[in-house]
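# Descriptive structure summary
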Amino acid sequence: MSHEAADQSKAHMGLPLPNGKLALWLFLVTEITFFTALIGVYMLLRNGQPTAATPWPDPKTVHLVEWIGALNTFVLICSSLTVVLCHWCLHEAGKATDPAEQAGLKSKAVMYLGITLALGLVFLGVKAVEYKAKFDHQILPGRIFELKNEADNYRYLVHVRGQLEKIVKPKDDYEKKHYAVKDEALAKCKELLKKIEDGEVSAKRVNETIVGTKKVAKCDTPVRREGESDIDKGILDLDPDAHLAFSIPYGNLWASCYFAMTGFHAIHVLGGLVVFGVYLVLALLGRFGPDCELDIELTGLYWHFVDIVWIFLFPLLYLV
Amino acid sequence: MSEQHEEHAGPSFQAYMGVFYALCVCTALSFVVNYFVDHVMGQKLMSASIIMAVAVVKATLVAGIFMHLKFDWGKLYCIILPVCVVTVMMVIILSIDATLAWHASPESAVPMIQQK
């Protein structure tokens, strides 16, 4: 290689991109590996140990509603659209020569920015409702009964006994309101509480009484004792809102994965909303215009990445 | 505030709207496939494959048009490609023990047990 050629290559070092854009893409590629690791571990846990007899929890068992996940996907897609439209308006405003046209495009950009922020808040609101349902039903890491050993069985019996006492013999108005069940379910609850108090029933049979024999995981099906029959309708079939714990094999692993993946994603959404909020404040101060085009493009890149992560999390958690 | 402005051919307004509609259709498609292929027909593996393929299409649309990679790919591929290779490798490596497990193919494990 001649000296002349070497000099020429030096003159072309670096990527022909704004420094901010290059830095953001470098940040995004580290984020790709971060979320791939999380999703990879989820796949490892999900596909590694569960079997046909002891399957990974399906979305319904862990109180995940498909349409709520789809709604959040739609909300994020809409927010991705509004952020690119905000960028597009700023770009067009920069090219516009007519001041009235430029002002119109600038106010449109601010409007799209506001809608993006609102949609992000809707996403987090829906996520908060989902998280509340998990807390209400105690679908939390380390709090789910899996009936794997005697100690777990004993804890389960004590826990369900406490819940049944609140249903059958509520102590105050809160318990009366919060633990109320339908009449048909109440009769079964009374019967089950008596059996537990008399020490007549095993943890697995209690689980069957709550869920129904056909719905329990195969691993939880005990050898029938004499006189024990199949239970077509469990208490939860009679009243799906009854606050009664039931066994979810691999439920704790599922909850750990769910909260880790959706939690980190929600934190990313929150980060994006803070930045959008700052730009809205700048807009209120009259300091938001075509000069901010690159900044909005970079924030948009981050926001779209957050959208892409959800595009994979939604099917993995809610559908597949 | 801005570092520098480069004149580049970005996507048009129509392109953005087109991608938005395509993303909505793809989301609805995932939902429908999950219902009919998984819940009604009981083909869990086929349903999962279609749904994940649709997710890849959606991600490609967002990255290509919304993130302007269609236009910036020539400048950024040297950063993005190595990471993509690493992520695909990671998923493959993390899938190995699941596919090697006996329960992944129980029918092949039965003769081994019978031989004993």
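Reading the values: rules and limits
- Residues numbered from 1 in each chain as written.
- Chains lettered and ligands numbered in written order.
- Predicted model: local features only at pLDDT ≥ 70, side-chain atom pairs only at ≥ 80, totals over all residues.
- Heavy atoms only, no water.
- Helix = DSSP H or I, 4+ residues; strand = E, 2+ residues; numbered from the N terminus.
- Buried < 20%, exposed > 50% of the residue type's maximum accessible area, 1.4 Å probe, protein only.
- Contact = heavy atoms within 4.5 Å.
- Buried area = accessible area lost by both parts, 1.4 Å probe.
- Salt bridge = Lys/Arg side-chain N within 4 Å of Asp/Glu carboxyl O.
- Polar contact = N/O pair within 3.5 Å; in protein donor to acceptor, adjacent residues only side chain to side chain.
- Core = buried A, V, L, I, M, F, W, Y, C linked by side-chain atoms within 4.5 Å.
- 1 Å grid on protein atoms, 1.4 Å probe; cavity = no way out; pocket = protein on both sides within 12 Å on 5 of 7 lines; lining within 4 Å.
- Points joined across faces, edges and corners; volume = space filled by probe spheres on them.
- Axes fitted to C-alpha atoms, helices over the stretch in contact; angles between N-to-C directions.
- Parallel < 35°, antiparallel > 145°, perpendicular 65-115°, else oblique.
- Nonpolar A, V, L, I, M, F, W, Y, C, P; charged D, E, K, R; others polar.
- Left-handed = near helix turned anticlockwise from the far one by under 90°.

### Let's talk about the overall build of chain A
The secondary structure content of chain A amounts to 11 helices and zero strands. Secondary structure of chain A in N-to-C order comes out as α-α-α-α-α-α-α-α-α-α-α. Expressed as a percentage of its 320 residues, the buried residues of chain A come to 51%.

### Observations concerning unusual backbone geometry
Notably, His63(A) is not glycine yet its phi reads approximately 60°, a positive angle. Structurally, the position occupied by His63(A) is in the loop between α2 (19-48) and α3 (66-95). On the basis of relative accessible area, His63(A) is assigned to the partly exposed category, the value being 28%. A positive phi angle is found at His68(B), which is not glycine, with a value near 65°. Positionally, His68(B) belongs in the loop between α2 (44-66) and α3 (69-100).

### Re the interface of chain B and chain A
Counting residues at the interface gives 49 residues for chain B, matched by 59 residues for chain A. Here chain B meets chain A over a buried area of about 4,700 Å², counting both sides, of which 78% is carbon and sulfur. For the pair chain B and chain A, the interface holds one salt bridge. Across the pair Asp72(B) and Lys21(A) runs a salt bridge, and its minimum N-O distance is 2.5 Å. Our enumeration of links across chain B and chain A arrives at two residue pairs in polar contact (both at pLDDT 80 or more). Elements with a contribution of two residues or more to the side of chain B that touches chain A: α1 (13-40), α2 and α3 of chain B. Take the side of chain B that touches chain A: its biggest share by element is 15 residues, from α3(B).

### So, the nonpolar core
Generally speaking, a soluble globular protein has its nonpolar side chains buried in company with each other. The biggest cluster of nonpolar side chains holds 119 residues, and the ones touching the most others in it are Tyr156(A), Ile210(A), Leu244(A), Phe288(A) and Phe66(B). For this core, the element with the highest residue contribution is helix α11 (residues 293-319) of chain A, accounting for 18 residues. With residues up to four places along the chain from it excluded, the contact list for Phe66(B) reads Ser80(A), Leu81(A), Val84(A), His304(A), Tyr16(B), Val19(B), Phe20(B), Leu23(B) and Leu61(B).

### What about the side chain of Ser79(A)?
Tracing the backbone shows Ser79(A) in helix α3. The residues contacting Ser79(A), other than those within four sequence positions of it, are Thr116(A), Leu119(A) and Trp303(A).

### Topic: the layout of surface pockets
In this structure, the second largest pocket encloses a volume near 890 Å³. For the second largest pocket, the lining is made up of 27 residues, of which Ile32(A), Thr36(A), Ile308(A), Phe312(A) and Thr87(B) are closest to its centre. Per-element accounting of the lining of the second largest pocket gives the leading share, eight residues, to α3(B).

### Digging into empty space enclosed by the protein
A full pass over the atoms with the stated rule returns two cavities of 30 Å³ or more. For the second largest cavity, the full set of lining residues is Val83(A), Val84(A), His87(A), Ile296(A), Glu297(A), Gly300(A), Leu301(A), His304(A), Phe66(B), Met67(B) and His68(B). Among the elements of the structure, α3 and α11 of chain A are those that each provide at least two residues to the lining of the second largest cavity. Among the elements that line the lining of the second largest cavity, the one with the most residues is α11(A), at five residues.

### Thoughts on the packing of α2(A) against α11(A)
All names here are of chain A. It is the contact of α2 with α11, at a shortest axis distance of 10 Å, that shows an interaxial angle of 10°. In terms of orientation, α2 and α11 fall into the roughly parallel class. Counted together, Gly20, Lys21, Leu24, Trp25, Phe27, Leu28, Glu31, Ile32, Phe35, Ile39, Tyr42 and Arg46 of α2 and Glu297, Leu298, Leu301, Tyr302, Phe305, Val309, Phe312, Leu313, Leu316 and Leu317 of α11 form the full contact between these two elements. Partitioned by chemical class, the residues of the contact of α2 with α11 number 17 nonpolar, one polar and four charged.

### Focus on the packing of helix α4 (residues 99-136) of chain A against helix α10 (residues 251-284) of chain A
Residues and elements named next belong to chain A. In contact at an axis separation of 9 Å, α4 and α10 are set at 155° when each is read in the N-to-C sense. Considering their axes alone, α4 and α10 lie roughly antiparallel with respect to each other. Where α4 crosses over α10, the two elements pack in a sense that is left-handed. Of the residues contributing to the contact of α4 with α10, the split by class is 19 nonpolar, seven polar and three charged.

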